[in-house]
Amino acid sequence: MMKKPLEGKIAVVAGATRGAGRGIAVMLGEAGATVYCTGRSVRGNPSDLNRSETIEETAEMVCARGGIGIPVQVDHTDAEQVRMLFERIKEEQNGVLDILVNDNWGGEKLTKWDTPFWEHSLADGLLMQDRVLKTHLITSYYGAPLMIARKSGLIIEVTDGTDYRYRGHLYYSLAKIAPIHMAAAMAQELAPHQVAAVSVTPGFLRSEEMLDYFGVKEENWQDAVKSDVQHAEHFGESETPFFIGRAIAALAADPHIMQKTGQALSSWSLSDEYDFCDVDGRRPHWGNYAKRHGFL
């Protein structure tokens, strides 16, 4: 068998419980990595999102794909818990950390669309920032020194979009645009240490929550395309969370990753560059689709 491109590499996926984080963790495992799958939801103790997915399930999926999955319950808004996570990794992996993925989000139920910011719950809007800006900053703060010490590594900010345009809601826009700038700013400060930082967006993500929204399962997701549910007409161009996972695995395996540092990238453009498909064999291209329909 051919050597897996990330065999022996150590990764942390912060926010690996579900959605893009789960897809990324599993595909890093498919490429051979050891993946610390972190999040708040564990068996018997879900987060306040009250969903069924857990970090243990994600770690098991990583193992099933050929990697090593290690679940660690972490609230990434708690600096001490994050510090302890990286102390554990430093001890268990001899100071090695190759890949850090910041995918904490948790803002789905906090966003009230079609509500101007001054009428929106301020508490929910601020909590949304905590769950993205605060968690990503804390996690990078404690993770980056392990990479700097070895002059090697990649930090990835997962977000929505590749530019700074308004995304239909002030609090949501801020939470999704900030990681793009985080990656660009970190890239500047990390460049002398040969550590790369980029942001990556999926297209229309066919996450567990989105499947629930359309009332379908992954096995029959295309049934939703002709429904009268809002945005169903665009669902046909959706991608599984594993598509961005394969994008990030390809980035992590690229020996010339420093040439991309600071950039805002997308699952579809990386599919064009690295020639990979989604796990269902499709090649969704949200960029081309969005341009044809006039909203990108």
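Each chain has its residues counted from 1, following the order in which its sequence is written. pLDDT decides what is reported in this predicted model: residues at 70 or higher carry local features, side-chain atom pairs at 80 or more are listed and counted, and totals for whole chains, interfaces and linings draw on all residues regardless. Working from all heavy atoms in the structure, the side-chain values ignore hydrogens and water.

S.K.: Would you mind showing me how to read the overall build of the protein chain here?
M.R.: On a plain count of helices and strands, the protein chain comes out with 9 helices and 7 strands. Throughout, the radius of gyration refers to the C-alpha atoms, and the reference size of a globule is 2.2 Å times the residue count to the power 0.38. Over its C-alpha trace the protein chain gives a radius of gyration of 18 Å, about what one expects of a compact globule, namely 19 Å for 296 residues. On the principal axes, the C-alpha backbone points of the protein chain span a range of 55 × 45 × 40 Å. Exposure categories follow from relative accessible area, calculated using a 1.4 Å probe and restricted to protein chains: below 20% of the type maximum is buried, above 50% is exposed, and the middle band is partly exposed. By the burial criterion, 54% of the 296 residues in the protein chain qualify as buried. Taking contacts inside the protein chain between residues at least 6 apart in sequence as the whole, the part at least 24 apart equals 69%. The protein chains shown are the only cover counted for residues, whose accessible areas, like all others here, come from Shrake-Rupley with a 1.4 Å probe. Here the protein chain displays about 13,500 Å² of accessible surface, and carbon together with sulfur accounts for 53% of that area. Here the protein chain carries 30 positive and 40 negative side-chain charges, and the mean point of each set is 3 Å from the other. Helical segments are the DSSP runs of H or I of at least four residues, strand segments are the runs of E of at least two, and each set is numbered from the N terminus. By the convention used here, residues are in contact when the closest approach between their heavy atoms is within 4.5 Å. Counted as positive: Lys and Arg. Counted as negative: Asp and Glu, with His and the chain ends omitted from the count. Charge positions are represented by NZ for Lys, CZ for Arg, CG for Asp and CD for Glu.

S.K.: What is the right way to look at the sheet that holds strand 4 (residues 99-102) in this model?
M.R.: The pairing of strands in a sheet comes from backbone hydrogen bonds and takes either a parallel or an antiparallel form. With parallel pairing, 7 strands are arranged side by side in an open sheet as 3-2-1-4-5-6-7. The open sheet terminates on both sides in strands that have one partner only, identified here as strand 3 (68-73) and strand 7 (264-266). Along the sheet, successive strands turn relative to each other by an average axial angle of 25 degrees, direction set aside. Strand pairing follows a simple DSSP-based rule, namely that at least 2 bridges must link the two strands. Taken together, the 3 bridges between strand 6 (residues 195-201) and strand 7 define a ladder with parallel strand orientation. Counted as the bridge partner of Thr201 is Ser266 from strand 7. Interaxial angle, 0 to 180 degrees, is taken between N-to-C directions of lines fitted to C-alpha atoms, where a helix line uses only the stretch in contact. Seen against the sheet, helix 5 (residues 170-190) touches strand 5 (153-158), strand 6 and strand 7 and runs at an angle of roughly 165 degrees to strand 6.

S.K.: Sorry, what's going on with the environment of Asp278 here?
M.R.: Position of Asp278 among the secondary structure elements: in the loop between helix 8 (267-274) and helix 9 (286-292). Classification of Asp278 as buried rests on a relative accessible area of 2%. A sequence separation of 11 residues divides Asp278 from Ser267, and the C-alpha atoms of the two residues are 9.9 Å apart. Sequence-distant contacts of Asp278, defined by excluding residues within four places in its chain, comprise Glu239, Thr240, Phe242, Phe243, Arg246 and Pro284.

S.K.: Please explain the pairing of strand 2 (residues 34-39) as it appears in this structure.
M.R.: Look at any regular strand and the pattern is simple: side chains alternate between the two faces of the sheet. Of all 6 residues in strand 2, 6 are buried, a share of seventy percent or more. Along strand 2, one buried face is formed by Thr34, Tyr36 and Thr38 and the opposite face, lined by Val35, Cys37 and Gly39, is buried too. In this sheet, strand 2 lies alongside strand 1 (residues 10-14) in parallel orientation, the contact comprising 5 bridges. Across the sheet, residue Ala11 finds its bridge partner in strand 2, namely Val35. Inspection of the sheet shows strand 2 paired to strand 3 by 6 bridges, in the parallel sense. Residue Gly39 lies in a different strand from strand 3, and its bridge partner there is Gln73. Look down the strands so they point away from you; if going from the first strand over the helix to the second traces a clockwise path, that crossover is right-handed. Considered for its hand, the β-α-β crossover made up of strand 2, helix 2 (residues 55-64) and strand 3 is right-handed.

S.K.: Sorry, what's going on with the packing of helix 3 (residues 79-92) against helix 4 (residues 122-150) here?
M.R.: In a packed pair of helices, the relevant descriptors are the angle between the two axes and the axis-to-axis distance. Close contact between helix 3 and helix 4 brings their axes to 9 Å; oriented N to C, the two are set at 20 degrees. With respect to helix 4, the axis of helix 3 lies roughly parallel. Like other packed secondary-structure pairs, helix 3 and helix 4 cross with a definite hand, here right-handed. Taken together, the residues of helix 4 that come into contact with helix 3 (itself represented by Ala79, Val82, Arg83, Phe86, Ile89 and Lys90) are Ile138, Thr139, Tyr142, Gly143 and Leu146. For this scheme, ten residues count as nonpolar: Ala, Val, Leu, Ile, Met, Phe, Trp, Tyr, Cys and Pro. Four count as charged, namely Asp, Glu, Lys and Arg, and the remainder, Gly too, count as polar. When grouped by side-chain class, the residues that make up the contact of helix 3 with helix 4 number 7 nonpolar, 2 polar and 2 charged. The cut-offs work like this: below 35 degrees is roughly parallel, past 145 is roughly antiparallel, 65 to 115 is roughly perpendicular, and the gaps in between are oblique. Here a crossing is called left-handed whenever its near helix is offset anticlockwise from the far helix by less than a right angle, and right-handed whenever the offset is clockwise.

S.K.: Before we go on, may I ask you to explain unusual backbone geometry in this structure?
M.R.: Keep in mind that most residues, glycine aside, have a negative phi and that most peptide bonds are trans. For Asn50, which is not glycine, the phi torsion reads 55 degrees and is therefore positive. As for its position among the elements, Asn50 is in the loop between strand 2 and helix 2. Residues other than glycine seldom take positive phi values, yet Asp275 does so here, at roughly 60 degrees. In this structure, Asp275 sits in the loop between helix 8 and helix 9. Its relative accessible area of 58% is what places Asp275 among the exposed residues.

S.K.: Would you mind going over the pattern of salt bridges with me for this structure?
M.R.: Pairing is possible between side chains that carry opposite charge, provided their charged atoms lie close to one another. Whenever Lys or Arg places a side-chain nitrogen within 4 Å of a carboxyl oxygen from Asp or Glu, that contact is recorded as a salt bridge. On inspection of all chains with the given rule, the structure shows 21 salt bridges. Between Asp124 and Lys112 there is a salt bridge; the shortest N-O distance is 4.0 Å. On the criterion of sequence distance, the pair formed by Asp124 in helix 4 and Lys112 in the loop between strand 4 and helix 4 is long-range, its members being 12 residues apart. Take Asp124: its relative accessible area is 21%, and that puts it in the partly exposed class. Across the pair Arg167 and Asp163 runs a salt bridge, and its minimum N-O distance is 3.8 Å. Classification of Arg167 by relative accessible area gives buried; the value is 14%. What you see here is one network of salt bridges that share partners, running through Arg18, Arg51, Glu53 and Asp212.

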